[in-house]
Amino acid sequence: MSNFTPGPPKAKKPAPTVYCFICGRQFGSKSIEIHIPQCLKKWHIENNKLPKSQRRPEPVKPEIIKTGETIDVEATNEAMWQSSQANLVKCEWCGRSFGPDRLAVHHRSCTKENPAKRVGGK
Ligand SMILES: [Zn+2]
Ligand SMILES: [Zn+2]
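These numbers come from a predicted model, not from an experiment.

S.K.: Whenever I open this one, the coordination of the zinc ion (ligand 1) confuses me. Can you help?
M.R.: Six octahedral donors at a metal ideally form angles of 90 or 180 degrees, and four tetrahedral donors ideally form angles of 109.5 degrees. Taken together, the protein ligands of the zinc ion (ligand 1) are Cys20 (SG), Cys23 (SG), His35 (NE2) and Cys39 (SG), with distances of 2.0 to 2.3 Å. Coordination at the zinc ion (ligand 1) is tetrahedral, judged from the four donor atoms that bind it and the angles of 103 to 115° they form at the metal. Donor residues for the zinc ion (ligand 1) sit on one chain with the sequence pattern C-x2-C-x11-H-x3-C. Overall, the relative accessible area of 0% leaves Cys20 in the buried class. With relative accessibility at 27%, the residue Cys23 sits in the partly exposed group.

S.K.: Would you mind showing me how to read the UniProt feature "domain: C2HC/C3H-type" (unreviewed entry) in the protein chain here?
M.R.: Following the UniProt record, the feature "domain: C2HC/C3H-type" (unreviewed entry) maps to residues 16-45 and 87-116 here. Annotation note: span residues 16-45, helix share 50%, strand share 20%, distance between end C-alpha atoms 29 Å. End-to-end, the C-alpha atoms of residues 87-116 are 21 Å apart, and along that stretch the chain is 23% helix and 13% strand.

S.K.: Would you take a moment to explain the pattern of salt bridges for this structure?
M.R.: Close approach of charged atoms lets side chains of opposite charge pair. Using the criterion set out here, one finds one salt bridge in the structure. The partner of Glu46 in a salt bridge is Lys49, with the nearest N and O atoms 3.6 Å apart. Taken together, the residues Glu46 and Lys49, both in helix α1 (residues 31-49) and three residues apart, mark about one turn of the helix. Overall, the relative accessible area of 57% leaves Lys49 in the exposed class.

Thresholds applied
- Residues numbered from 1 in each chain as written.
- Chains lettered and ligands numbered in written order.
- Predicted model: local features only at pLDDT ≥ 70, side-chain atom pairs only at ≥ 80, totals over all residues.
- Heavy atoms only, no water.
- Donors = N, O, S within 2.8 Å, 3.2 Å for Na, K, Ca; no water.
- Tetrahedral: all angles 85-135°; square planar, octahedral: opposite > 155°, others 65-115°.
- Buried < 20%, exposed > 50% of the residue type's maximum accessible area, 1.4 Å probe, protein only.
- UniProt positions renumbered as here; feature names shortened; annotations may be inferred.
- Helix = DSSP H or I, 4+ residues; strand = E, 2+ residues; numbered from the N terminus.
- Salt bridge = Lys/Arg side-chain N within 4 Å of Asp/Glu carboxyl O.

Here is the structure:
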């Protein structure tokens, strides 16, 4: 016979997720703190690899949006997402937008001589 007693019931709230304002990916509110410095570092490495004409100013963290005293999580997330979209780089050969880290990968198959075809287009 087992005397095992389960702990107190845990609240089953979904983990709050926030957008990284640099890469636009979603993270838990705790892991975002760890992620952002890493993401920014990576961003600088990738940005420095770009031709001068395509380099962008460092992404600025959008302000936290508040309604009165409380943080408007949704509006803030929206602002983070918008900010990350502004960080995308346009491929000079096919015109699609990519995150700077993905652009490097993309450029392996998309070149001036042989631009990638648009997916899903006519
Ligand atoms: Zn990120
Ligand atoms: Zn391309």
